[in-house]
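Tertiary structure, described
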Amino acid sequence: MKIATAQFTCSPADISANVQLMAALTDEARMQGAELVVFPELALTGYELETVLARRDLWVQANDPRLDAVRASGVATVVNCVAATDGGRPAIETLVFGADGELITTYRKQHLFEHEQGVFVAGRHDGRFELGGLRFALATCFDNHFSELVARVAADGCQVHLASSLYGTGGGVEELAAVYPGIAKDFNLYVVVANHVGPAGAWTGCGRSGLWAPGGALLTQADADTPMVITAEVG
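Residues numbered from 1 in each chain as written. Predicted model: local features only at pLDDT ≥ 70, side-chain atom pairs only at ≥ 80, totals over all residues. Heavy atoms only, no water.

1. Section: the overall build of the protein
Under the convention used in this document: Under the DSSP-based scheme used, a helix requires at least four consecutive residues in state H or I and a strand at least two consecutive residues in state E, with every element numbered from the N terminus. To get the radius of gyration, use the C-alpha atoms; to get the globule rule, take the number of residues to the power 0.38 and multiply by 2.2 Å. To sort residues, take the accessible area from a 1.4 Å probe on protein chains only and compare it with the maximum for the residue type: under 20% means buried, over 50% means exposed, and anything in between is partly exposed. By definition in these notes, contact holds between two residues if any of their heavy atoms fall within 4.5 Å. For every accessible area listed, the method is Shrake-Rupley and the probe measures 1.4 Å; residues are considered covered only by the protein chains on display. Counted as positive: Lys and Arg. Counted as negative: Asp and Glu. His and the chain ends are not counted at all. Charge placement uses NZ in Lys and CZ in Arg. For Asp and Glu, CG and CD serve respectively.
Helices and strands together make up the secondary structure of the protein, namely 5 helices and 14 strands. Since a compact globule built from 235 residues should have a radius of gyration of about 18 Å, the 16 Å found for the protein is in line with a globular shape. In terms of principal-axis extent, the alpha carbons of the protein reach across some 45 × 35 × 35 Å. By the burial criterion, 55% of the 235 residues in the protein qualify as buried. Counted over contacts in the protein with a minimum sequence separation of 6, partners at least 24 positions apart contribute 64%. Here the protein displays about 9,100 Å² of accessible surface, and carbon together with sulfur accounts for 49% of that area. Side chains of the protein carry 15 positive and 27 negative charges; the gap between the two charge centres is 4 Å.

Listed below in structure tokens is the structure:
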């Protein structure tokens, strides 16, 4: 299977604008032969924590009609967003849609990073799905810094680890460069990370979205500055 990772600069708190960008990137991924495309953390709104806590109109559910353009793309998509919950705070949730637009699974970020803990509720369950004969795992940014979570991925028979993330310039560059090839090497997994590029809330995304093979070899990687789609064969 050919998998794509897409990096772009989000329009702050503008779901419609971001969906249009994501649909265009998904079209590009499809033209490159990809069957699945992964987007960064909080791709629908950007990393605007104070805003998303205050505005419930930015909290989505899987059947939200604002996502129709992505669901209609003809490619499976991994979309990370602010999700409505039963309580007063939202969750950071990944929605996985099949090529037919139907929901395959959801996953809520389990390990919230510092300031996220006052905004979101943490998930309690791992994320898994199967597509095209492959078994996939889901994780969101800081989740990937916890070896016990990744160990469960490998023990559960997953072959591909998908990460929607936000790493900024400065120290984030070194973290991204260490964490993801490290997972591929230590747990013998294909690893895919989608990162922001450009302004992302209080951060500046460092780009460098990439795909690594089991053992840690780099398959392909985006640059540090450009919204783009990159693809690689896995499995």
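2. Concerning the sheet that holds strand β3 (residues 76–83)
Remark on secondary structure: sheet strands pair via backbone hydrogen bonds, oriented parallel or antiparallel. To keep things clear, this is the line we draw: Strands were regarded as paired on the criterion that DSSP finds at least two bridges between them. Fitted lines through C-alpha atoms give the axes, limited to the stretch in contact for helices. The angle between two N-to-C directions lies from 0 to 180 degrees.
If you trace the 6 strands from one edge of the open sheet to the other, you get β5-β4-β3-β2-β1-β14, paired in mixed fashion. Since the sheet does not close on itself, it has two edges, and those belong to β5 (103–108) and β14 (228–233), each with one partner. Neighbour-to-neighbour, the strand axes of this sheet turn through a mean angle of 25°, independent of strand direction. Summarising the sheet, β3 and strand β4 (residues 91–97) pair through 7 bridges and their orientation is antiparallel. Each residue of the ladder has a partner; that of V78, found in β4, is V96. Across the sheet, helix α1 (residues 15–31) lies against β1 (2–7), β2 (36–38), β3 and β14, angled at about 35° from β14, the strand it touches most.

3. Considering the side chain of D64
For clarity, the cut-off: Polar contact criterion, stated in full: a pair of N or O atoms within 3.5 Å, where within protein one must be able to donate a hydrogen and the other to accept it, and residues adjacent in sequence count only if both atoms are side-chain atoms.
You can see D64 is positioned in the loop between α2 (49–54) and α3 (68–71). Residue class for D64 comes out buried when judged on its relative accessible area of 10%. At a separation of 2.8 Å, a polar atom in the side chain of D64 contacts the side chain of R66.

4. Focus on the packing of aromatic side chains
Rules: Any pair of Phe, Tyr and Trp rings, taking the six-membered ring for Trp, is counted once the centres come within 6.5 Å. Such a pair is stacked with planes under 30 degrees apart, edge-to-face with planes over 60 apart, and tilted for the rest.
Counted under the stated rule, the structure contains 6 aromatic pairs. Ring centres 5.1 Å apart and planes at 75° place the aromatic pair F113 and F142 in the edge-to-face group. Here F113 is found in the loop between β5 and β6 (127–131), whereas its partner F142 is found in the loop between β7 (134–140) and α4 (147–155), with 29 residues between them in sequence. Under the relative-accessibility criterion, F113 is labelled partly exposed at 26%. For the ring pair Y180 and W212, a centre distance of 6.4 Å and an interplane angle of 25° mean the geometry is stacked. Residue Y180 is located in helix α5 (residues 171–187), and its partner W212 is located in strand β12 (residues 210–212); the two are separated by 32 residues in the primary sequence. Looking at Y180, the relative accessible area reads 0%, which means it is buried. Residue classification places W212 among the buried residues on the basis of a relative accessible area of 4%.

5. Describing the environment of T45
Relative to the elements of secondary structure, T45 occurs in the loop between β2 and α2. Assessed through its relative accessible area of 1%, T45 is described here as buried. Put simply, T45 and A137 are 92 residues apart on the chain and 23 Å apart in space, counted from C-alpha to C-alpha.

6. Examining the nonpolar core
This is how it is decided: The term nonpolar core refers to a set of buried residues drawn from Ala, Val, Leu, Ile, Met, Phe, Trp, Tyr and Cys, joined through side-chain atoms within 4.5 Å.
Core analysis: the biggest nonpolar cluster contains 42 residues, and I3, L36, F136, V160, L162 and Y180 have the highest contact counts within it. Not counting residues up to four positions away in its chain, the partners in contact with I3 are A34, L36, F136, V160, V192, L211, I230, T231, A232 and V234. Counting 37 residues, the second largest nonpolar core, distinct from the first, contains A29, V37, W59 and A200.

7. Some details on α4
This is how it is decided: The directions from the helix axis to the C-beta atoms are what the arc is built from.
Inspection of α4 places L149, V150 and V153 among the buried residues, and these make up the whole buried set. One side of α4 carries all its buried residues, which in axial view fall inside an arc of 95°. Its buried side turned inward, α4 meets β5, β6, β7, β8 (160–164) and α5. G157 occupies a position one or two residues after α4 and carries a positive phi of about 80°.

Remember that the coordinates give geometry; whether it matters functionally is a separate question.
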